[in-house]
Amino acid sequence: APMSFVRGAYAQDFCNMPTGGSVTLGFNVPQSGPYADEGADELRAYQLATKHLNGEGDGGLLNTFSSKALKGNGILGKKVEFVTGDTQTKSDAARASAKRMIEKDGAIMITGGSSSGVAVAVQGLCQEMGVIFMAGLTHSNDTTGKDKRRYGFRHFFNAYQSGLALGPILAEELGKDRTAYHLTADYNWGWTQEESIKDATEGLGWQTANAVRTPLGAGDFSQYLTPVLNSGADVLILNHYGKDMVNSLTQAVQFGMREKQVNGKDFQIVVPLFSRLMAQGAGENIKGILGTTNWNWSLQDEGSKAFVKSFGQEYGFPPSQAAQTCYVQALLYADACERAGTFYPPEVIKALEGFEFDGMGNGATLYRGADHQCFKEVLVVKGNENPQSQFDLLEVVKIVPREQVTYDASIFGGDLGPADAKTC
Amino acid sequence: MVANSVLHVADVHKSFGGLKALSDVDLNVEEGTTHAIIGPNGAGKSTLLNVCVGRIRPDSGHVVFNGEVLDNHTPFEINQLGVSRVFQTPEIFSDLTLLDNVMIPAFASRDGAFSLRPFSKLRHEATIREEAEKTLADVGLEVMKDREAGSLSRGDKRRLELAMCLIQHPKLLLLDEPTAGMSRHDTNRTVDLLKTIKERGMTKVIIEHDMHVVFSLADKISVLAQGRIIASGTPDEIKGNPKVQEAYLGGAH
Amino acid sequence: MLTKTDATNLEVAELEIPRPDPKDSFFSVRDIHAYYGESYIVQGISLDLNEGEILALLGRNGAGKTSTLRTIARVDDPELKRGEIYLGGQSLHDKKSYQAAQMGIQLVPEDRRIIGGLTVEENLILSQVEEPLGWELERIYEHFPRLAERRSQIGTTLSGGEQQMLAVARALARDVKLLLLDEPYEGLAPVIVQEIEKIVRQIKEIGITTIIVEQNAVAALKLADKAVIVDMGEVVYSGAAQDVLDDEDLRNEYLAI
Amino acid sequence: MKEMLNREPFALAAFSLVILLMPIWLTPFGANYPDLLQKFAIFAIFAMGFNILFGLTGYLSFGHAAFLGVGSYAAVWSFKLFTMNVIPAIFFGVAFAGIFALAIGYVSLRRSGIYFSILTLAFAQMSYNLAYSVLTPITNGETGLQLTLQDPRIIDNAFTTPGAGLPETNLFGIDMSGYPGFYFCAVVLIICFFITRRIFNSPFGLTLRGIKSNQNRMGYTGLNTRPYTLTAFVISGMFAGLAGSLLAVTDPLAGAERMQWTASGEVVLMTILGGVGTLIGPMLGAWLIKYLENIFSSFNEITLEHFFSFLPEGLQSFAVELASLFVGEGWHLTLGVLFMLIVIFLPGGLMEGWRRLLRRFSGGGGGKSEPAAAVQPAE
Amino acid sequence: MDAILLQLLNGLDKGGAYALIALGLTLVFGTLGVVNFAHGALFMLGAFCAVTFNKLLGLEKVVVDETQTTAWGTALEIRTPYIESWFGEFGSFLLNYSVPVSIIVAIPVMLVIGIVMERGLIKHFYKRPHADQILVTFGLAIVLQEIIKHYFGANPIPQAAPAAVAGSADIGAWLGLGDGLVYPWWRLVYFGFSAAVIAAVFAFLQFTTYGMVVRAGMRDSETVGLLGINIQKRFTVVFGIAAVVAGLAGVMYTPILPPDYHMGMDFLVLSFVVVVVGGMGSLPGAVLAGFLLGVLQSFASMNAVMTIFPGINQIIIYLVAVVILLTMPRGLLGREGVMED
Ligand SMILES: Nc1ncnc2c1ncn2[C@@H]1O[C@H](COP(=O)(O)OP(=O)(O)OP(=O)(O)O)[C@@H](O)[C@H]1O
Ligand SMILES: Nc1ncnc2c1ncn2[C@@H]1O[C@H](COP(=O)(O)OP(=O)(O)OP(=O)(O)O)[C@@H](O)[C@H]1O
Ligand SMILES: [Mg+2]
Ligand SMILES: [Mg+2]
């Protein structure tokens, strides 16, 4: 059979066991489609991480990371090499490129991505193939909730945490007597986001006037925006991401929602999930809008400062939150291998589960074993009213401590599945 | 209604907007005969054929073919009953070969209006192929059988269309100016061909402006002018009819 | 561009070079070769015509008559690959069809080519968009009362014969120097044929040069001054029209009459 | 020689050989890994089936991805509800796609030309939008329908106790991932090729071509065109469903985006790129597009530096710079440029290129030879 | 009542955008017979004309201040727009009105793009099958898109409407329906603009001989050529007009939808649906369909409607398209014989 043409005849302990002097990681990021810019930033971060792991550059977060297992000599003495792929922000394409990296290029770990659909799809694939997946930007509860996998890990926070973090701040800033109107992207992530925020705000005593589902990529949201002002609501919550959020926010502002008075209060808009790129796309309209984010380059802890410095010196501008989460994921995987002393996935998984660390930004962090979700500080931010530079778009309103955004792993169900190694 | 009438057009009216293209047209075509329809341009001749093959529905009146009233028949049903037609502007399958052009109607008359036969092999349809080649030979196109039909000259397209009708062995053949644009030589050949068909007993309705063709083929002639049949009779009767002289033939004949 | 050619032409005339010059006759086709894609159809045809003459171009089906006319009218298909054409001393072979039409060539195509979606009147107006103009609409309607009646009917719903009239009328609406008629009598009732024959005679009287392709060879030859018979894309006979009418062998061999 | 090439057994054998040996002859192109090989086979089936409709009847459907999607969903549900065996999954995939195609085709075929295209597009887009949101209970929305540990899988569970992890799709015990998956798809492709060839060379196929050439004439020839076009539509829908179920067989996940218009557009492009109405053109088109998507997108600067390492330093960085526009994140640009080049220089697609090559090597056709080259001055 | 009025306004506004995009498409599609998948790209290029113009206006003088450093340790750059430092007041006025002013730039730019595209590429495809047209224009669309992505990135780039029309108009007060009924100024401007452009294009093609010639040329360019008309030149002009119309639609849409490289593709399918529902070869049809679909889409998104038919807002356009195409054989106002085979 032709299998012998393709694969070495030697026995393999697990899929893509590194045998030579190097180890290959697979960076699967959106290079085309709406999140291409985010993907490009992720790729920059991965390249930086590879450099640092191989002992080049200034070492970046290796210096501030609480675990000192990494020496800057690659992973377990093997030089880190990488292959890249384009997810196109489509599940099929993302799985195809992940498979290519695993089957053809011999990648031992896959990481990246910029949407939850892709993350869940690739994570499922990696579970089947026995390759560890370190998710990039994915915010849906499902990734580490009902669709969690033993081989998949997420450093990014999720919608539920956004709700937990944002709730109290909303009460603080906007008062407890508010009526909210939700516009929600009509797909999985949107629904979990809406549910989480609704739970949080209703817990504060807010009313929910209505929650309306908008089709993905609607472009023009005017027909959903006009009913808002006459609905009695005084807060508009946009459970949109990416282009949808840029458009709906821009248009909401155009409809005069920032200047309105309803129920004797200033009308407010809230965007639960922010990213700097989205803020850039929305331009002026973002000013003063509240939301949450995983990380921002203006943070002043040692880890964040070190990362901003390495990244900024390499590329001339500060990193995005997507870049940060991807960089950290790459390092965490490498570190876990070092600590496990092997690339054997079941051992690496064990090393990651329940791992406590610090010095990577967002304070002390736990990789919870029960669902492979990271628990760390969450940032509540606001569109910057007086930006100092073109990158200075978000202003940190509050750093919400880790305890406040920790929740019970069982609430989302799901099943991690087995950790047994596979040959591929 | 005459007993051995194959086609009976009864009291047909058709107008386009304000224009009365056909009014009160009554026509009987007897079995085995060749019935010519002549008349000035725009008289409604082609429209009459259109009504017969179901391309146009008459405003009132009926067409009866072999005792069957064709009021609600679609073109393909009418063809399946045994009516084939040559159009005034050739309607052929321009990007198929001549052979394919003739084989399609052959399949239609053998297999009916719909037949799947996805697994029967074309190459093995030897009999049909042979017949198609023979029919092409009849109209003098056999040497071009593998050419694309769209690249034929106009006279050749006419002959191809004739072949497409002949292979169906229709009971009634409707010909709309079959020799228009043909050279004298080919016109003569076509006339001969149509004569042999007649011997086989095929009934024909022919529209022609070429009086030479009309008088050498027709058993009966009807003259249509402004949507009405103004005269009907044997060739000799028509030739002598002064109304026809004036309306159609002019001073030439 | 035109003036320059005119100037050279003048010079040539003044110098009176003795060699036969294609520019001498009013209309001249020199050894043209034309192709439909890769099929070689017009294989070296030459014609000469003086102003006001009528030429009958005869031959069997598929002989290449239509192709020759189309080549002269400079339509893209068939493609002229070799040979020269001159009208009134100006070269035509390097022109596009619209330029040829502006120089006074009008083709009445065999399948009439009435433009769909446009009324009869619009079809006529269309040929009066570009200079030089010929007959005015009134005059056309006078000659073709049928068209006057149908002026606001969509052109393609006319009967075959009516369409033929429209096609001829469309050509007359332009200032024609050389009229190319491709089977003008096809599908016409005898009365109309006489009508069109009359028009062609009138055209002749006005002094318009005409090439007529017609299967009804006798009718065409009666009108024509000259006759050319083509076969397989080549000229097999060229001479006076009357000679063809008189020469039975010739008629038998190429025209089967 | 030509006669022999046309003979059925020979053609089939040659085709089978080429397909089955793909893992070997694709090695130099870097495309010899299971996933891409599977995709090659599957999308070849998809495109071939699409061509039965578009290539033969001329009806341009812009909604064929809907049938692909239906095939995938049906197959995954079969895995979830009944068994991991692929035979029932394929059966359901093809059957559901066929039923779906029958319904959509019946309605859409009332119109022709662009109106037909837009009707199919509308149906597909409705399916996509609903699958993405409202029908989430059936399709699992954006995330896509996946296997879970809670699936009933009644047939399998009746005979065996489930393991700890998710089970794999199998053909009576042979796992359908990796190379076995490819060979399975390849065999299906060969069967599809056989069927397609038969359709092309049958009276049915000829009739379809007649419909494409002159639909109007068909009626006066005594053929009822509707059942013919509908049959072609359903057959090609079933091919699409088959391709969809094979996607699920090799990778048990079905996402809504498989039904989006871009996916329908892709198969149109594949077919045109390869050569509309030719037997294997659409397959070649599918391969080219999938190859670009999977391989060109994977080149990054490091690979390019390797590739151009034979050049001197300055030249190398220039070459890398230039090439990087067309690979990696620039692979779309290559795709666009390629579409344009092929359609400009090879009207008739890749198959036209092939024919030209053949003609060149067989020394040109007979017939009259050309006179001397043009002496025409340009305009 | 208010809600319905507002949704009607939304629908008209949306319809204006659809109609404007579809208008250019139907020009080349229904008139020249070319299936132009690059039409969306022209819309996108128009939008990027506005972006580029704005960027040019916003070109900044960069002064490096060595004394201050950024968080990542490089010297801080202080930027001031040239235009402000040169022209002062008028400079900031230009910046403020950059979107409408960029129309002046966009018209010639789009005209040139359209003409180059037609001369260089489309012209060779008039006689080719639609399939080839689809492939080549799709290829072109991808290429244009990727070029824009290369220079501008994939992220949307916001464009502000001029401050004077940035707010909302108090329609309620105008109509005497009390306040609370407000609608963004810019959207009203957009609606007026699209109505004006549509009317202009219409008058040009439907009521002039020029338009008649173009329509005739589409049916049978060879015969029109035989009548002495240089139809190629007119085709080029029509294509140029279509490009300009698409471009202007793009320019004016930027304040509503921050443009990105992919926006053309997003609108492409929709505009095809609009054109076909309107009926092939009919400009009024395209406009009518644009408004009809826009209005229906708005009404379908009303909460009352969505509670009765969940998900109706997602499929309404396609549903309406299906119903119309099945009840009217050639769309709303289509002509017989255009693109039916
Ligand atoms: N679809 C239509 N719409 C409007 N008028 C029509 C239509 N079809 C035919 N006519 C008109 O009906 C009349 C009869 O047309 P028809 O084609 O039957 O004439 P004909 O006798 O065949 O003439 P010819 O010998 O010139 O072909 C003509 O005046 C024609 O203009
Ligand atoms: N578009 C085309 N492509 C290829 N060959 C063509 C094309 N048009 C015509 N031909 C071929 O060119 C030859 C000459 O055709 P042409 O139409 O000039 O003949 P003709 O003398 O006008 O005949 P007819 O009297 O039948 O109209 C014929 O053999 C014909 O098949
Ligand atoms: Mg007639
Ligand atoms: Mg001819």
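Residues numbered from 1 in each chain as written. Chains lettered and ligands numbered in written order. Predicted model: local features only at pLDDT ≥ 70, side-chain atom pairs only at ≥ 80, totals over all residues. Heavy atoms only, no water.

- An unreviewed UniProt entry annotates chain B as ABC transporter ATP-binding protein of Hoeflea poritis.

## Re the interface of chain B and chain D
Now for step 1: On the side of chain D, 24 residues touch chain B, which itself brings 36 residues to the contact.
Now for step 2: Taken together, chain B and chain D are joined by one salt bridge.
Now for step 3: A salt bridge links Arg217(D) to Glu161(B), with the nearest nitrogen and oxygen atoms 2.9 Å apart.
Now for step 4: Counting every contact that joins chain B to chain D gives 16 residue pairs in polar contact (both at pLDDT 80 or more).
Now for step 5: Within the residue set of the side of chain B that touches chain D, elements represented by two or more residues are helix 2 (75-81), helix 3 (98-111) and helix 5 (154-166) of chain B.
Now for step 6: Take the side of chain B that touches chain D: its biggest share by element is six residues, from helix 3 of chain B. (Contact = heavy atoms within 4.5 Å. Salt bridge = Lys/Arg side-chain N within 4 Å of Asp/Glu carboxyl O. Polar contact = N/O pair within 3.5 Å; in protein donor to acceptor, adjacent residues only side chain to side chain. Helix = DSSP H or I, 4+ residues; strand = E, 2+ residues; numbered from the N terminus.)

## Let's talk about the coordination of the magnesium ion (ligand 3)
Residue and element names in this part refer to chain B.
Now for step 1: For the magnesium ion (ligand 3), the full set of protein donor atoms is Ser46 (OG) and Gln88 (OE1), and the range of their distances to it is 1.9 to 2.1 Å. In this pair, Ser46 sits in helix 1 (residues 45-52) while Gln88 sits in the loop between strand 6 (83-86) and helix 3, placing the two residues 42 residues apart along the sequence.
Now for step 2: Residue class for Ser46 comes out partly exposed when judged on its relative accessible area of 22%.
Now for step 3: On the basis of relative accessibility, which here comes to 17%, the residue Gln88 falls in the buried class. (Donors = N, O, S within 2.8 Å, 3.2 Å for Na, K, Ca; no water. Buried < 20%, exposed > 50% of the residue type's maximum accessible area, 1.4 Å probe, protein only.)

## Let's talk about the coordination of the magnesium ion (ligand 4)
Residues and elements named next belong to chain C.
Now for step 1: The protein atoms that coordinate the magnesium ion (ligand 4) are Thr66 (OG1) and Glu110 (OE), at distances spanning 1.8 to 2.5 Å. Here Thr66, found in helix 2 (residues 65-72), pairs with Glu110, found in the loop between strand 6 (105-108) and helix 4 (120-126); they are 44 residues apart in sequence, far enough to count as distant. By the burial criterion, Thr66 is buried, and Glu110 matches it.

## Brief notes about the domain arrangement of chain B
Often, the extent of an interface is quoted as the loss of accessible area on bringing the components together.
All names here are of chain B.
Now for step 1: Taken domain by domain, chain B holds domain 1 (1-82 + 170-253) and domain 2 (94-168).
Now for step 2: Taking the mean C-alpha position of each, domain 1 and domain 2 sit 26 Å from one another.
Now for step 3: Taken residue by residue, the interface counts 19 residues in domain 1 and 14 residues in domain 2.
Now for step 4: Inspection of the region where domain 1 meets domain 2 yields one salt bridge.
Now for step 5: Asp186 is the partner of Arg159 in a salt bridge, and the nearest nitrogen-oxygen pair spans 3.4 Å.
Now for step 6: Where domain 1 meets domain 2, there are five residue pairs in polar contact (both at pLDDT 80 or more).
Now for step 7: Secondary-structure elements contributing two or more residues to the side of domain 1 that touches domain 2 are helix 2, strand 7 (172-176) and helix 6 (184-199).
Now for step 8: Taken together, the residues of the side of domain 1 that touches domain 2 sort by class into 10 nonpolar, five polar and four charged. (Domains from an automatic or database assignment. Nonpolar A, V, L, I, M, F, W, Y, C, P; charged D, E, K, R; others polar.)

## As for helix 15 (residues 281-295) of chain D
Now for step 1: With 15 residues, helix 15 of chain D extends 21 Å from end C-alpha to end C-alpha; this agrees with the ideal 21 Å at 1.5 Å per step.
Now for step 2: Of all 15 residues in helix 15 of chain D, 13 are buried; the element is thus mostly enclosed. (Expected span 1.5 Å × (residues − 1).)

## Quick look at a negative patch on the surface
All names here are of chain C.
Now for step 1: A contiguous patch of negative charge, built from Asp243, Asp246, Asp247, Glu248, Asp249 and Glu253, is present on the exposed surface.
Now for step 2: Looking at the negative patch, the elements with two or more residues in it are helix 10 (241-246) and helix 11 (248-255).
Now for step 3: The element best represented in the negative patch is helix 11, accounting for three residues.
Now for step 4: Mapped onto the fold, Glu248 is located in helix 11. (Patch = residues over 30% accessible without salt bridge, like charges linked within 9 Å, V, L, I, M, F, W, Y side chains within 5 Å. Areas by Shrake-Rupley, 256 points an atom, 1.4 Å probe, with all protein chains shown as cover. Lys, Arg positive; Asp, Glu negative; His and termini not counted. Charge placed at Lys NZ, Arg CZ, Asp CG, Glu CD.)

## Some remarks on the site of ligand 1
Now for step 1: Within the structure, ligand 1 sits among 21 residues, and Asn41(B), Lys45(B), Ser46(B), Thr47(B) and Gly161(C) are positioned closest to it.
Now for step 2: Ligand 1 sits at the junction of chains B and C, each of which supplies nearby residues.
Now for step 3: Contact between ligand 1 and Thr157(C): an oxygen atom at 2.9 Å from a main-chain N or O atom of the residue.
Now for step 4: Contact distances for ligand 1 include 3.0 Å between an oxygen atom and a side-chain N or O atom of Ser159(C).
Now for step 5: Within the complex, the protein chains bury 85% of what would otherwise be the 640 Å² of accessible surface of ligand 1.
Now for step 6: Of all the secondary structure elements, the ones that give two or more residues to the shell around ligand 1 are strand 2 (19-30) and helix 1 of chain B together with helix 7 (160-172) of chain C.
Now for step 7: Taken together, the residues of the shell around ligand 1 sort by class into five nonpolar, 12 polar and four charged. (Near = heavy atom within 4 Å.)

## Quick look at the interface of chain E and chain D
Now for step 1: Residue-level contacts link 45 residues of chain E with 38 residues of chain D.
Now for step 2: Summed over both partners, the interface of chain E with chain D buries about 3500 Å², with 79% contributed by carbon and sulfur atoms.
Now for step 3: Viewed at the interface, chain D and chain E are joined by zero salt bridges.
Now for step 4: At the junction of chain E and chain D, the tally comes to eight residue pairs in polar contact (both at pLDDT 80 or more).
Now for step 5: Mapped by element, the contributors of at least two residues to the side of chain E that touches chain D are helix 6 (130-152), helix 12 (263-278) and helix 15 (312-327) of chain E.
Now for step 6: Examining the composition of the side of chain E that touches chain D, we find that 13 residues originate from one element, helix 6 of chain E, more than from any other. (Buried area = accessible area lost by both parts, 1.4 Å probe.)

## Concerning the pairing of strand 4 (residues 60-65) of chain B
All names here are of chain B.
Now for step 1: Pairing between strand 1 (residues 5-16) and strand 4: five bridges, direction antiparallel. Across the sheet, residue Leu7 finds its bridge partner in strand 4, namely Phe65.
Now for step 2: Pairing of strand 4 with strand 5 (residues 68-69) involves two bridges; the strand directions are antiparallel. Residue Phe65 lies in a different strand from strand 5, and its bridge partner there is Glu68.
Now for step 3: Linking strand 4 back to strand 5 in an antiparallel pair, the connection comprises two residues, with Asn66 at a positive phi of about 50 degrees. (Pairing = 2+ DSSP bridges.)

## Examining the site of ligand 2
Now for step 1: If you check the shell around ligand 2, you find 20 residues, and the closest are Arg147(B), Ser151(B), Gly62(C), Thr66(C) and Ser67(C).
Now for step 2: More than one chain reaches ligand 2: its neighbouring residues belong to chains B and C.
Now for step 3: Here an oxygen atom of ligand 2 and a backbone polar atom of Lys65(C) are 2.8 Å apart.
Now for step 4: Between ligand 2 and Gln215(C) there is a distance of 3.0 Å, counted from an oxygen atom to a side-chain nitrogen or oxygen.
Now for step 5: The set of elements that each furnish at least two residues to the shell around ligand 2 consists of helix 5 of chain B together with strand 2 (39-49) and helix 2 of chain C.
Now for step 6: Counting residues per element, the shell around ligand 2 draws most heavily on helix 2 of chain C, at three residues.

## Re the packing of aromatic side chains
Now for step 1: For the coordinates displayed, the defined rule picks out 57 aromatic pairs over all chains.
Now for step 2: Taking 5.9 Å as the distance between ring centres and 70 degrees as the angle between the ring planes, the aromatic pair formed by Tyr187(A) and Tyr132(D) counts as edge-to-face. With Tyr187(A) in the loop between strand 6 (179-185) and helix 6 (188-204) and Tyr132(D) in helix 7 (residues 113-132), the pair connects residues from two separate chains.
Now for step 3: We classify Tyr132(D) as buried; its relative accessible area is 10%.
Now for step 4: For the ring pair Tyr190(E) and Tyr253(E), a centre distance of 5.3 Å and an interplane angle of 55 degrees mean the geometry is tilted. On the criterion of sequence distance, the pair formed by Tyr190(E) in helix 8 (residues 185-206) and Tyr253(E) in helix 11 (residues 231-253) is long-range, its members being 63 residues apart. Considered together, Tyr190(E) and Tyr253(E) belong to a single accessibility category, that of buried residues.
Now for step 5: What links up through ring pairs into an aromatic cluster is the set Trp295(A), Phe307(A), Phe311(A), Tyr315(A), Phe317(A), Tyr327(A) and Phe391(A).
Now for step 6: Sitting over the ring of Phe43(D), Lys290(D) keeps its end group 4.1 Å from the ring centre.
Now for step 7: Its end group placed over the ring of Tyr210(E), Arg234(E) keeps NZ or CZ at 4.6 Å from the ring centre. (Phe/Tyr/Trp six-rings, centres within 6.5 Å; stacked < 30°, edge-to-face > 60°. Lys NZ or Arg CZ within 6 Å of the ring centre and 35° of its normal.)

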